[in-house]
Amino acid sequence: MELVPLGPGFGVEVRGVSILDVASDGDAYKAVRAAFEDHSLLLFRDQPIADDIQVAYSRAFGPLELTKVASLGAGGFYSRLTNVGAHGEIVPPTDRQVLVAQANALWHTDSSFKRTPALASVLSARVLPGQDGDTEFTSTRLAWERLPGELRGKLQDAVATHSYANSRDQIHPDLANAEERKALPPVRWRMNWLNPVNGRRALYIASHAYAIDGMDDRDARQLLAELMDETTRPEFVYVHKWRTGDVVMWDNRAMLHRGRPWDYSKERSMVRTTISATAADGLDQVKPPPTVH
Ligand code: OGA
Ligand code: MN
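So, here is what we can say about the structure in this document.

### Some thoughts on the packing of aromatic side chains
For the coordinates displayed, the defined rule picks out 9 aromatic pairs. Taken together, a centroid distance of 5.0 Å and an interplanar angle of 75° make the contact between Y29 and F61 edge-to-face. With Y29 in helix α2 (residues 26–39) and F61 in the loop between α3 (51–59) and β4 (79–82), this pair connects stretches of sequence that are 32 residues apart. You'll find Y29 and F61 in the same group, each marked buried. Considering the side-chain rings of F137 and W250, the 5.2 Å spacing of their centres and the 55° angle between planes classify their relative orientation as tilted. On the criterion of sequence distance, the pair formed by F137 in strand β6 (residues 135–139) and W250 in strand β13 (residues 247–251) is long-range, its members being 113 residues apart. Taken together, the aromatic side chains of Y29, F36, F44, Y57 and F61 make up a single cluster linked through ring pairs. Here R146 stacks its cationic end above the ring of F236, 3.4 Å away from the centre of that ring.

Here it is as structure tokens:
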């Protein structure tokens, strides 16, 4: 296995090992898992991608998340990100599927709004629009390590509230529908995630986060916006230009990502599988301490 650096201080292209190898061979899995813990983002090029291969790969890393209500693929392992409708037509730019893509264009980490957040996401390119529609990534682990020590100390035990509606409301008031609002009430997480394998912390924030325990709401929003700005400064971003056959996996504990717009009259279809975080991934650590009454 060869690892070729990709981004500013994080991310590698994995060569010499395929996603099928990882699915079928324990040693290949161990090597790739170690690279994932170290580098936070892995790229595999020229993969023989199909739904079942993607699931077999993803499953090696832990329990698969089920796609949430009111998404394409709800209740199953596959989240389908596409601007093609049920009858094979390109949907109009005002369609919910395009609004979903626009919400994905806000810097976020996947599933921080769920009761069980995500360890990792695996995204494969199926049909690409020819140009644009890149995906950008930045490391919240490096962002945490860049913070002044005093702020790190303050944020060590700080707890933020995340909700799905908070990010969707920034795009369109009806994008999060009643079913989603009911199924996805706000959840609270520590503002940093300690990786139990290497002892490194990462800032844990997202477009879904909006409030901080014990802090006035306006001050909290201001602090979250400053942290997001600092984390996502252009020099800290890796821009992934997709090729068909690409499979990218990222660590949702230690990365933010966002999708870039494209010409929505052209098809862009991607498939995501998502691995839930477990205690072994530091889930217990990101849970807030019990409230004392
Ligand atoms: C995702 C996501 C952005 C993109 O799959 O979780 O945010 O560029 N994707 O498709
Ligand atoms: Mn995402």
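### A short note on the site of ligand 1
The environment of ligand 1 is formed by L81, N104, H108, D110, L123, T135, W250, H257, G259, R268 and R272. A distance of 3.1 Å separates an oxygen atom of ligand 1 from a polar side-chain atom of D110. Take R268: an N or O atom from its side chain is 2.8 Å from an oxygen atom of ligand 1. A total of 290 Å² of accessible area belongs to ligand 1 in isolation, and the protein chains cover 98% of it. The residue inventory of the shell around ligand 1, partitioned by class, reads 3 nonpolar, 5 polar and 3 charged.

### Describing the coordination of the manganese ion (ligand 2)
For a metal bound by four donors in tetrahedral geometry, the ideal donor-metal-donor angle is 109.5 degrees, whereas six donors in octahedral geometry ideally sit at 90 or 180 degrees. Only H108 (NE2), D110 (OD) and H257 (NE2) from the protein reach the manganese ion (ligand 2) as donors, at distances of 2.1 to 2.2 Å. Here the donor residues of the manganese ion (ligand 2) are spaced in sequence according to H-x1-D-x146-H. A residue pair is termed long-range when its members are at least 10 positions apart, and D110 in the loop between α4 (96–103) and β5 (118–127) and H257 in strand β14 (residues 255–259) qualify at 147 residues.

Scoring rules and cut-offs
Residues numbered from 1 in each chain as written. Chains lettered and ligands numbered in written order. Predicted model: local features only at pLDDT ≥ 70, side-chain atom pairs only at ≥ 80, totals over all residues. Heavy atoms only, no water. Phe/Tyr/Trp six-rings, centres within 6.5 Å; stacked < 30°, edge-to-face > 60°. Helix = DSSP H or I, 4+ residues; strand = E, 2+ residues; numbered from the N terminus. Buried < 20%, exposed > 50% of the residue type's maximum accessible area, 1.4 Å probe, protein only. Lys NZ or Arg CZ within 6 Å of the ring centre and 35° of its normal. Near = heavy atom within 4 Å. Polar contact = N/O pair within 3.5 Å; in protein donor to acceptor, adjacent residues only side chain to side chain. Areas by Shrake-Rupley, 256 points an atom, 1.4 Å probe, with all protein chains shown as cover. Nonpolar A, V, L, I, M, F, W, Y, C, P; charged D, E, K, R; others polar. Donors = N, O, S within 2.8 Å, 3.2 Å for Na, K, Ca; no water.

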